[in-house]
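Below, each chain spelled out in residue letters.
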Amino acid sequence: MMRSIALGAVVGVFVVALAAPASAQDKSKIELGMTLFSSQKCTLCHSIGAKGNPKGPLDTVAAKRTAEEIRQWIVDPDTMRTKTKATRMPPMKQLKLSKDQVDALVAYLVSLKATNATAR
């Protein structure tokens, strides 16, 4: 009995230890995405909160689009524009970003869903 309790405690500590770096890594990725959103001048056409162009709000984008759809908008906006029959002008331009940068932008935009849910 004591042995199984000790084993359970060790497994629990191990699981928590594994989860902690992932959380810090996710936070780092989200912060990079926030920085990229600004540095890539996404606010010229889009807004988050009160910052940016109010004609393209992205505050609730993760409630409407999957992470994969958001990714596709970033990497291939022309195809997504056709697929969704988007008519907003000017059309979104394709950004030259690395995979890690795209991952960070997606993580940031998806994180807005959690932020908006807790703000209510």
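Criteria and cut-off values
- Residues numbered from 1 in each chain as written.
- Predicted model: local features only at pLDDT ≥ 70, side-chain atom pairs only at ≥ 80, totals over all residues.
- Heavy atoms only, no water.
- Helix = DSSP H or I, 4+ residues; strand = E, 2+ residues; numbered from the N terminus.
- Polar contact = N/O pair within 3.5 Å; in protein donor to acceptor, adjacent residues only side chain to side chain.
- Contact = heavy atoms within 4.5 Å.
- pLDDT = per-residue confidence, 0-100.
- Buried < 20%, exposed > 50% of the residue type's maximum accessible area, 1.4 Å probe, protein only.
- Arc of directions from axis to C-beta.
- Salt bridge = Lys/Arg side-chain N within 4 Å of Asp/Glu carboxyl O.
- Disulfide = S-S within 2.5 Å.

**Section: the side chain of His46**
No. 1: Tracing the chain through its elements places His46 in the loop between helix H1 (2-39) and strand E1 (47-48).
No. 2: A distance of 3.2 Å separates a polar side-chain atom of His46 from the backbone oxygen of Gly56.
No. 3: When sequence neighbours within four positions are dropped, the list of residues in contact with His46 reads Phe37, Lys51, Gly52, Asn53, Gly56, Leu58, Arg88 and Met92.

**Concerning the confidence of the model for the chain**
In low-pLDDT regions, the fine details of the predicted coordinates are not to be read closely.
No. 1: Per-residue confidence for the chain gives a mean pLDDT of 81, with 76% of residues at or over 70.
No. 2: The least confident element of the chain, judged by mean pLDDT, is H1 at 65; the most confident is helix H3 (residues 67-75) at 95.
No. 3: Note on residues 6-20: pLDDT under 50 across the span, and zero contacts to partners over four residues away in sequence or across chains.

**Side note on helix H4 (residues 77-84)**
No. 1: Buried within H4 are the following residues: Pro77, Met80 and Arg81. Summarising the axial view, the buried residues of H4 lie within an arc of 105°, below the 170-degree limit, and thus occupy one face. In H4, the exposed residues that point more than 90 degrees away from the buried face are Thr82 and Lys83.
No. 2: Structurally, H4 contributes buried residues whose contacts are with H3.
No. 3: Just downstream of H4, Lys85 is the residue with a positive phi angle, here 55°.

**So, the pattern of salt bridges**
No. 1: Under the definition given, this model contains three salt bridges.
No. 2: Where Arg71 meets Asp103, a salt bridge forms, and the shortest distance between an N and an O atom there is 2.6 Å. Residue Arg71 is found in helix H3, and its partner Asp103 is found in helix H5 (residues 99-119); the two are separated by 32 residues along the sequence.
No. 3: Judged by its relative accessible area of 12%, Asp103 falls in the buried class.
No. 4: For Asp103, the salt bridge identified is with Lys99, shortest N-O distance 2.8 Å. Residue Asp103 and its partner Lys99 are located together in helix H5, separated by four residues, close to a single helical turn.
No. 5: Of the residues examined, Lys99 reaches a relative accessible area of 61% and is grouped as exposed.

**Details of the environment of Asp76**
No. 1: Take Asp76: it is sitting in the loop between H3 and H4.
No. 2: Distance from Asp76 to Lys93, taken between C-alpha atoms, is 8.7 Å for residues 17 residues apart in sequence.

**Remarks on the state of the cysteines**
No. 1: If you walk through the whole model with that rule in mind, you get zero disulfides.
No. 2: Cysteine Cys42 shares no disulfide, and the gap to the nearest cysteine sulfur, in Cys45, comes to 8.7 Å.

**Thoughts on unusual backbone geometry**
No. 1: With omega at -10°, the peptide bond leading from Met89 into Pro90 counts as cis.
No. 2: The residue Pro90 is located in the loop between H4 and H5 in this model.
No. 3: In this model, Lys41 sits at a positive phi of 60°, which is unusual for a non-glycine residue.
No. 4: The phi torsion at Lys85 lies on the positive side, around 55°, for a residue other than glycine.
No. 5: Of note, Lys85 is situated in the loop between H4 and H5.
No. 6: Accessibility expressed as a relative area gives 68% for Lys85, which makes it exposed.

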